[in-house]
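Architecture at a glance
Below, each chain spelled out in residue letters.
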Amino acid sequence: MVQAAWRWADSQGTIIPGTKIGDRFAQLGTGSAIGFPVATLFGEHQIHIGENTMIGRHCTLAVGYSADDHHERPGLVIGDRCVIGARCSFTTHESIVIGDDVWFGQDILVSDSGHGYQDPTLPIGVQLAPHEPVRIGSGSWIGHGAVILPGTTIGRNVVVAAGSVVRGNIEDHAVVGGVPARVMRQYKPGAGWVSVKDPQDVRPEHRQRWDIPAAPGSKKRVAAADVADDPADLP
Ligand SMILES: CC(C)(COP(=O)(O)OP(=O)(O)OC[C@H]1O[C@@H](n2cnc3c(N)ncnc32)[C@H](O)[C@@H]1OP(=O)(O)O)[C@@H](O)C(=O)NCCC(=O)NCCS
């Protein structure tokens with residue numbers, strides 16, 4: 001009975017377009033869904049989610065400092081066909097933009113702000129740090145447990161290794177990993193994915209066919225793709 005009740009709650013609790021909560025989002029595209037239960041959800045009117053994007057259970061999608069934030073900006077933008085694993089957390093105070101076809105493992109934090117510590121007399125928790133927008137380019141893959149720090153720009157088709165802590169600018173077509181994350185491989189047209197440590201260590205390029213699923217009647221108002229070009233448009 002508990003299992004049946006949970007399945008019922010699960011089916012009723014999934015956030016999809018056309019539901020009461022789904023309609024609170026600035027945009028929740030056709031075919032997209034947010035798993036039940038969500039961990040924390042506020043600022044829906046500043047959250048734009050594209051089409052056919054799947055967000056797992058226990059995720060946090062938060063824009064602003066509280067549910068009383070009445071800004072109208074697109075604070076959190078997630079593109080089309082993204083897959084976001086369970087317990088990921090997007091805490092947005094200004095702007096986080098994720099391109100199309102970005103896949104996230106589980107337990108990943110993406111944040112565009114932290115706390116200041118310059119006043120030694122005040123609790124750090126009450127000191128605010130500047131907002132620094134985050135961008136993650138189309139076609140990237142973020143490994144399990146990664147942390148994407150404020151001010152980070154990740155290019156397109158970037159691999160972020162499991163457990164990495166990423167800050168700064170990561171160029172397109174790179175594999176980064178570690179704490180702090182460093183570039184481990186970089187794609188070089190004509191050569192392949194070349195190891196930074198040992199240039200003789202090259203992972204050869206291997207092209208595969210993938211037809212982007214046709215999006216049913218698009219109602220998009222904000223496109224995440226402005227952060228990165230079409231991932232199919234490889235050199
Ligand atoms: C990064 C990854 C994709 C491997 O990429 P790769 O190009 O095949 O890397 P290699 O195996 O050739 O290793 C290259 C170097 O990176 C290191 N490395 C690999 N994964 C690492 C990680 N998560 N953190 C730190 N370093 C890592 C390797 O030890 C190696 O270092 P070395 O040259 O000093 O020996 C893989 O290790 C990984 O982290 N995958 C994510 C898995 C995951 O999160 N799955 C769940 C979500 S779907």
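Brief notes about the confidence of the model for the protein chain
Looking at the protein chain as a whole, its pLDDT mean stands at 90, while 91% of the residues score no less than 70. Here residues 226-235 is modelled with pLDDT under 50, and outside its nearest four sequence neighbours on either side it reaches 24 contacts, counting other chains as well.

Digging into unusual backbone geometry
Glycine aside, negative phi is the norm for most residues, and most peptide bonds take the trans geometry. That bond from Phe 36 to Pro 37 is cis: its omega, -5°, falls within 30 degrees of zero. Topologically, Pro 37 is positioned in the loop between strand E2 (33-34) and strand E3 (40-42). Note the cis peptide between Val 179 and Pro 180, where omega equals -5°. Mapped onto the elements, Pro 180 comes out in the loop between strand E20 (174-177) and strand E21 (182-188). In this model, Arg 81 sits at a positive phi of 55°, which is unusual for a non-glycine residue. Looking at the secondary structure, you find Arg 81 in the loop between strand E7 (76-78) and strand E8 (83-84). With relative accessibility at 15%, the residue Arg 81 sits in the buried group. The backbone of His 173 sits at a positive phi, close to 55°, despite the residue not being glycine. In this structure, His 173 sits in the loop between strand E19 (169-170) and E20.

As for the side chain of Thr 152
Structurally, the position occupied by Thr 152 is in the loop between strand E15 (147-148) and strand E16 (153-154). Not counting chain neighbours up to four residues away, the residues in contact with Thr 152 comprise Pro 133, Val 134, Arg 135, Val 166, Arg 167 and Gly 168.

What about the nonpolar core?
Residues Phe 104, Ile 136 and Ile 142 are the most contacted members of the largest nonpolar core, which totals 35 residues. Taken together, the elements giving at least two residues each to this core come down to strand E4 (47-49), strand E6 (60-63), E7, strand E10 (96-98), strand E13 (134-136) and E20.

Thresholds applied
Residues numbered from 1 in each chain as written. Predicted model: local features only at pLDDT ≥ 70, side-chain atom pairs only at ≥ 80, totals over all residues. Heavy atoms only, no water. pLDDT = per-residue confidence, 0-100. Contact = heavy atoms within 4.5 Å. Helix = DSSP H or I, 4+ residues; strand = E, 2+ residues; numbered from the N terminus. Buried < 20%, exposed > 50% of the residue type's maximum accessible area, 1.4 Å probe, protein only. Core = buried A, V, L, I, M, F, W, Y, C linked by side-chain atoms within 4.5 Å.

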